[in-house]
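Structural features, examined
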Amino acid sequence: MVRAVDLLLTAGFIAVWVVILSVAARRLLELRAGPVRLVVAGLVGVATSAVALGQRVQGEGWPFVILWVGIGMLAAMVLLMVGEVVAPVGSMPRPLRWYRAFRDWRRRTRRYAQVSRIAVRHGLSGYTTGRRKPTIQQRAELARQLRLALEEAGVAFVKFGQILSTRHDLLPPEFTHELSRLHSHVAPVEWAELEELLVEELGPVEDAFAEFDHEPLAAASIGQVHRARLRSGAEVVVKTQRPGIGRIVIGDLDITLRIARMLDQRASWARAIGIRVLADGYAEALLEELDFTVEARNMKRVAAARSYDDVVMAGVHTELCTSRVLVMDYLDGLPLDRAEPIIEERGLDRTALARTLLHTLLTQIMLDGVFLADPHPGNLMLLRDGRLGLLDFGSVGRLDAGLRGVLQRMLLAVDNGDALALSDALVDVADRPEDIDETALERGIGRFMARHLGPGVAVDVDMFTDLFRLVTRYGVSVPPELAAVFRALATVEGTLARLAPGFDIVDESRAFAAAHLHQTLRPDSLRATAMAEVVNLLPLIRRLPRRLDRLTSALEHGRLSSGTRVLADDRDRRFVTRLVHQTLLTLLATAAGIVGVILLGSAEGPPVTPTLGLYHLIAYVLLLGGGALTLRVLTSILRAR
């Protein structure tokens with residue numbers, strides 16, 4: 001019984017000291033720490049004190065109690081600081097989440113190993129590490145193997161390859177041509193699975209729809225489309241997400257981003273094309289594509305920007321739209337690449353249709369700032385009444401006013417044959433590295449302009465691709481939004497060439513840009529702009545006479561002066577305060593250490609215990625205090641970083 005009581009008292013004593021040492025160490029370092037880390041730090045402090053001093057605490061009295069506490073405190077502080085360096089608070093998952101994190105890591109590792117085996121099987125491993133560079137003769141075969149590997153890897157990789165196939169400014173023609181052949185051939189989802197998803201999102205199918213065609217109109221890698229009729233009698237199409245595709249795509253996106261980071265670190269060609277920026281932008285776009293509410297908002301925004309007489313965008317039934325289901329009006333027509341029967345039946349002018357489509361896209365790009373980013377024939381329809389229909393706004397481009405102004409300047413520069421204006425417009429908006437050779441870049445742009453804008457030279461969309469490729473070679477990064485514009489124009493050029501052979505997209509674009517700018521330069525437009533600027537300046541104009549009067553009066557009486565407040569910014573004050581604080585603590589720690597070493601080398605002084613003199617006791621206390629102050633300074637420096 002007595003032994004049990006002794007054990008209980010000992011355990012209680014240790015627990016109390018664990019709490020005291022851990023809490024005091026945390027307060028001295030001003031660190032955040034969870035209960036597990038505090039308990040471990042306290043136990044380490046108690047154990048270190050016990051090992052260092054043993055039974056001397058009980059045998060020689062209070063001086064060794066002071067040293068016992070000091071050694072334990074220092075050990076606990078060291079553990080907390082090392083823990084913050086190795087694994088900062090918040091960087092590690094909580095214990096309850098460890099199993100889930102381990103499960104995700106294991107799944108990700110298996111998938112990563114699978115993708116790596118695919119790359120090795122197709123002979124891509126040497127290129128991913130940057131040890132090998134393909135020759136011109138090897139590019140075609142390497143591009144083919146890359147396409148096959150992406151197709152085998154799955155949905156996310158296929159879509160990434162499709163994005164890369166449009167970046168003619170970054171990849172050689174062999175790769176863009178081969179990657180353009182990427183298609184995600186998938187079988188449609190069985191009706192039973194689809195019905196289960198619809199019930200989860202909308203409730204019973206028969207409550208929302210009077211009729212629902214079980215056979216899909218189209219099936220793709222992420223979703224498929226069915227025709228239906230609402231209770232109100234409206235004919236609609238229902239776009240549904242493939243069950244479980246979100247989890248698969250998110251997992252593959254994680255692998256894609258990791259591979260992009262690895263390539264960026266190891267392969268110079270990957271850094272040259274900005275693989276990490278491409279992957280990040282692709283991931284953001286694909287995550288938006290997984291959320292059908294984003295597509296619904298895009299459709300409503302594009303439709304609200306302006307109305308068109310000859311172009312129709314399907315209306316959205318917002319009350320029936322969720323993140324995995326999109327319900328929109330049914331457009332009666334045929335995809336543009338299969339619309340020959342309607343063109344012949346109604347005797348439509350192909351050139352007029354092409355001009356309408358191009359002007360619609362240019363209006364969205366240069367005036368509205370939101371546009372259909374992938375205008376391929378499958379996303380365009382020709383309706384039975386002869387109007388054009390726009391589909392699939394899951395992927396849209398967005399431009400701010402500054403980028404729209406740059407586009408207008410670029411097209412006007414082409415229209416005027418002004419090489420300097422075109423290069424200035426592009427370079428002003430691009431990201432330029434600090435070590436860029438501006439002279440060489442300007443000469444390169446000059447040669448480019450002479451080649452593409454000289455007399456008698458036919459200008460086409462490929463000119464802009466060559467321009468982007470040129471500036472990329474000098475390390476100038478073209479904004480992704482601007483690249484998306486010319487990607488859309490290149491896509492629609494192929495569509496227009498198929499719809500109306502001989503249609504000149506560049507001439508039409510130049511005419512559109514010139515007409516728009518001429519409209520903004522008309523006298524009534526200039527007067528309206530000037531009036532708006534004057535209205536904005538009225539408050540300043542009203543205050544200007546009073547301020548001028550005060551300035552002249554102060555100057556006349558010799559009271560005019562100017563002053564600057566030192567450290568007026570709160571951030572500057574905090575920085576100086578922290579610097580002074582760290583400097584003082586460093587000086588104190590250094591002084592304590594030096595004095596402690598000097599005292600240790602001197603005589604022991606008056607005895608405090610049979611084995612410890614006063615000077616040595618003071619030296620040990622100073623050394624422990626100096627160590628604690630040093631840890632405090634180091635922790636504050638690490639926390640600031």
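Residues numbered from 1 in each chain as written. Predicted model: local features only at pLDDT ≥ 70, side-chain atom pairs only at ≥ 80, totals over all residues. Heavy atoms only, no water.

This brings us to the overall build of the protein chain. Along its length, the protein chain carries 26 helices and 13 strands. For the protein chain, the exposed surface amounts to about 35800 Å²; the carbon and sulfur share of it is 58%. (Helix = DSSP H or I, 4+ residues; strand = E, 2+ residues; numbered from the N terminus. Areas by Shrake-Rupley, 256 points an atom, 1.4 Å probe, with all protein chains shown as cover.)

Take the packing of helix α12 (residues 245–266) against helix α14 (residues 275–290) next. Where α12 contacts α14, the axes come no closer than 9 Å and their chain directions differ by 170°. In terms of their interaxial angle, α12 and α14 are classed as roughly antiparallel. Contacts between α12 and α14 pair I245, G246, V249, I250, L253, T256, L257, A260, R261 and D264 from the former with I275, R276, A279, D280, Y282, A283, L286, L287 and L290 from the latter. When the residues that make up the contact of α12 with α14 are grouped by side-chain class, the tally is 13 nonpolar, two polar and four charged. (Axes fitted to C-alpha atoms, helices over the stretch in contact; angles between N-to-C directions. Parallel < 35°, antiparallel > 145°, perpendicular 65-115°, else oblique. Contact = heavy atoms within 4.5 Å. Nonpolar A, V, L, I, M, F, W, Y, C, P; charged D, E, K, R; others polar.)

To continue, consider the environment of D507. Here D507 is to be found in helix α23 (residues 505–520). D507 sits in the partly exposed class, given a relative accessible area of 40%. For the pair formed by D507 and L411, sequence separation is 96 residues and the distance between their alpha carbons is 9.9 Å. (Buried < 20%, exposed > 50% of the residue type's maximum accessible area, 1.4 Å probe, protein only.)

Time to look at the pattern of salt bridges. Tallied over the full model, the rule gives 12 salt bridges. Across the salt bridge formed by R350 and E340, the nearest N and O atoms sit 2.5 Å from each other. Here E340 lies in helix α16 (residues 340–346) and R350 lies in helix α17 (residues 350–368), a separation of 10 residues in the sequence. The partly exposed category is assigned to E340, whose relative accessible area is 34%. A single salt-bridge network, built from bridges that share partners, covers E200, E201 and R324. (Salt bridge = Lys/Arg side-chain N within 4 Å of Asp/Glu carboxyl O.)

On strand β9 (residues 380–383), burial covers both faces: L380 and L382 on one face and M381 and L383 on the other are all buried. Pairing analysis gives three bridges linking strand β7 (residues 333–335) to β9, with the strands arranged antiparallel. Considered in β9, the bridge of P335 is made with M381. Looking at chain direction, β9 and strand β10 (residues 388–390) are connected through three bridges and run antiparallel. Bridging across to β10, M381 finds its partner in G389. Counting the residues that bridge the hairpin from β9 to β10 gives four residues, and of these G386 lies at a positive phi of roughly 95°. (Pairing = 2+ DSSP bridges.)

This brings us to the sheet that holds β10. One open sheet holds the four strands; their spatial order is β5-β10-β9-β7, and the pairing between them is mixed. At either end of the open sheet lies a strand with only one pairing partner, and these are β5 (311–313) and β7. For this sheet, the mean angle separating the axes of adjacent strands, direction not counted, is 30°.

Before going further, it helps to examine the packing of aromatic side chains. The final tally for this structure, using the stated rule, is two aromatic pairs. An angle of 40° between the planes, with centres 5.3 Å apart, marks the rings of W191 and F212 as tilted. In this pair, W191 is assigned in helix α10 (residues 191–202) and F212 in strand β1 (residues 209–212), connecting sequence segments 21 residues apart. The exposure classification of W191 matches that of F212, with both residues buried. Seen in terms of ring centroids, F209 and F212 are 5.3 Å apart; in terms of plane orientation they differ by 75°. Their pairing is edge-to-face. Judged on exposure class, the residue F209 and its partner F212 are both buried. An aromatic cluster is defined as three or more aromatic residues linked by ring pairs; in this entry it consists of W191, F209 and F212. Of note, R227 hangs over the ring of Y330, and the distance from its end group to the ring centre comes to 3.9 Å. For the cation-ring pair, K239 lies above F292, with the distance from its terminal atom to the ring centre recorded as 5.2 Å. (Phe/Tyr/Trp six-rings, centres within 6.5 Å; stacked < 30°, edge-to-face > 60°. Lys NZ or Arg CZ within 6 Å of the ring centre and 35° of its normal.)

Its location among the elements puts T495 in helix α22 (residues 480–499). Looking at T495, the relative accessible area reads 4%, which means it is buried. Sequence spacing of T495 and L336 is 159 residues, and the spatial spacing of their C-alpha atoms is 8.3 Å. Apart from the residues within four sequence positions on either side, T495 is in contact with L336, L357, P375, H376, P377 and L380.

Below, the discussion takes up the nonpolar core. Core analysis: the largest hydrophobic core is formed by 74 residues, its most contacted members being I365 and F371. The element contributing the most residues to this core is α22, with nine residues. The contact partners of F371, leaving out residues within four places of it in the chain, are L361, Q364, I365, V396, G397, R398, L399, A484, V485 and A488. Residues I118, L179, I259 and M262 belong to the second largest nonpolar core, which totals 37 residues. (Core = buried A, V, L, I, M, F, W, Y, C linked by side-chain atoms within 4.5 Å.)

With that settled, the discussion passes to a positive patch on the surface. Together, R103, R106, R107, R110 and R247 line one region of the surface with positive charge. In terms of residue count, helix α5 (residues 98–121) provides more of the positive patch than any other element does, four residues in total. (Patch = residues over 30% accessible without salt bridge, like charges linked within 9 Å, V, L, I, M, F, W, Y side chains within 5 Å. Lys, Arg positive; Asp, Glu negative; His and termini not counted. Charge placed at Lys NZ, Arg CZ, Asp CG, Glu CD.)

Turning our attention to the environment of R258. Within the secondary structure, R258 sits in helix α12. Between the C-alpha atoms of R258 and Y112, which are 146 residues apart in sequence, the distance is 9.3 Å.

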